[in-house]
Amino acid sequence: MNMPARPQDTSPKALPAALPGGMTRIVDLSYAINDKLVAWPGDERVFEAKPNATLEKDGYFTRSFWMLEHYGTHLDAPVHFPPGKTTVDRISAEKLLGPAVVIDVQAESAKDADYRLTVERIARWEKQHGTIPAHAIVLLRTGWSSRWPDAAKYRDQDVAGKMHFPGFSLEAAKLLIERGVNGLGCDTLSIDYGASADFPVHHAVLGADLYQLENLANLNSLPEKGAYLIVAPIKLEGGSGGPVRVFALLP
Ligand SMILES: [Zn+2]
C-alpha cells in the first residue's frame, strides 16, 4: 500500500472535543510562581529556586525550590485557622471539583476599597441565576487583579500599615456555608477584607471544613454562572495550605 501516513492531529481544535459535558474552553486561574509576587505584609522570604542538576554537568535539568505555603495563587486548608482541622492533603478530591459561582463586585469595590460582600448582593445573584447550588465554589470578582503584581496597589496600605481591599462579610460567608458550597475564592490577598484584624470569615469558613482560594487570576474570563472548576492544590502532608492550580472549564 502506498497510502500516506495519516498526519497526527495537533490542531488546537482537537482539545475541546475531549472536554466533558459541552465544555469548550479552559481558563487557568493561577499565577505563575516566582520571587516577585505580592506577599502578605511581613513575609520577607517567600520563594527561592536553585539549580540542582544542570545540562552542562549532569546532562539534564532539575531545580530545588523553597516557598511559603501561602504565597501567590494558593489554597487555605481548614487547619489554617481554628477551629478548622483538615490539612491540605486530606481535602477530599470530590470537594475540589464544582460549579463556579462568580459574584461580580467590581463596581462596589471601585467605590469602596473596604467593601464586604453583602447578603443582599448574594440575593441579587440568586434572583438572576437561581439558588447557589450545593458543592459550588463561590468566587468574588473585585477587579483587584488589575493591580497585580504591584504590591503597593494590590495591598493598598494606609500610613498605619492597614490594608484596604474588598472581601466577604461574615454574614455572606455564613449564608454560603448554609448553601453547602465547597469553598470560597477571591482575586485579592485574603477572603477577609484587607482592614480585618481578626479574620472572622477565615474562622467561619475554615471552621466549617471549607477551603479558600486566594490571589486568583483571570476571573474576568468567567461567566457569573456556567463554568466548572477543577481545584488542584499541592498534596503536601500536614500542610496549612499551599500553591494551587485552578482550571475553569467554560461552556
Ligand atoms: Zn492563605
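Shown above is the structure to which this text applies.
Just so you know, the residues in each chain are numbered from 1, in the order the chain's sequence is written. Local features are withheld for residues below a pLDDT of 70 in this predicted model, meaning they are given only at 70 or higher, and side-chain atom pairs are given and counted only at 80 or more; totals for whole chains, interfaces and linings count all residues. Where side-chain values are given, they derive from all heavy atoms of the structure, hydrogens and water being excluded.

Another point: the coordination of the zinc ion. Donor criterion used throughout: N, O or S atom within 2.8 Å of the metal, extended to 3.2 Å for Na, K and Ca. Water excluded; incomplete-looking sites may result. On the protein side, the zinc ion has His-70 (ND1), His-74 (NE2), Asp-76 (OD) and Glu-214 (OE) as donor atoms, found 2.0 to 2.5 Å from it. Irregular is the label for any site that misses the other tests, which are tetrahedral for four donors with all angles between 85 and 135 degrees, and square planar for four donors or octahedral for six when opposite donors exceed 155 degrees and the remaining angles lie between 65 and 115. Around the zinc ion, the four donor atoms are arranged such that angles at the metal cover 75 to 165°; this shape is classified as irregular.

Take the pattern of salt bridges next. By salt bridge we mean one thing: a side-chain nitrogen of Lys or Arg within 4 Å of a carboxyl oxygen of Asp or Glu. Applying the stated criterion across every chain, the model contains nine salt bridges. A salt bridge links Lys-36 to Asp-35, with the shortest nitrogen-to-oxygen separation between them at 3.0 Å. By relative accessible area, which is 43% here, Asp-35 ends up partly exposed. What emerges from the salt-bridge pattern is a single network uniting Glu-108, Arg-121 and Arg-124. Accessibility here uses a 1.4 Å probe with only protein chains present; expressed as a share of the type maximum, an area under 20% marks a residue as buried, one over 50% as exposed, and anything in between as partly exposed.

All right, on to a nonpolar patch on the surface then. Residues enter patches when they are more than 30% accessible in relative terms and free of salt bridges; like-charged ones are connected within 9 Å and nonpolar ones (Val, Leu, Ile, Met, Phe, Trp, Tyr) within 5 Å. In short, Shrake-Rupley with a 1.4 Å probe defines the accessible areas, and a residue's cover is counted only from the protein chains shown. The grouping of Leu-55, Tyr-60 and Phe-61 at the surface amounts to a nonpolar patch, some 380 Å² of accessible area in total. With respect to the secondary-structure elements, Phe-61 resides in the loop between α1 (55–58) and β3 (62–67). Helix and strand assignments follow DSSP, with helices taken as H or I runs no shorter than four residues and strands as E runs no shorter than two, numbered in order from the N terminus.

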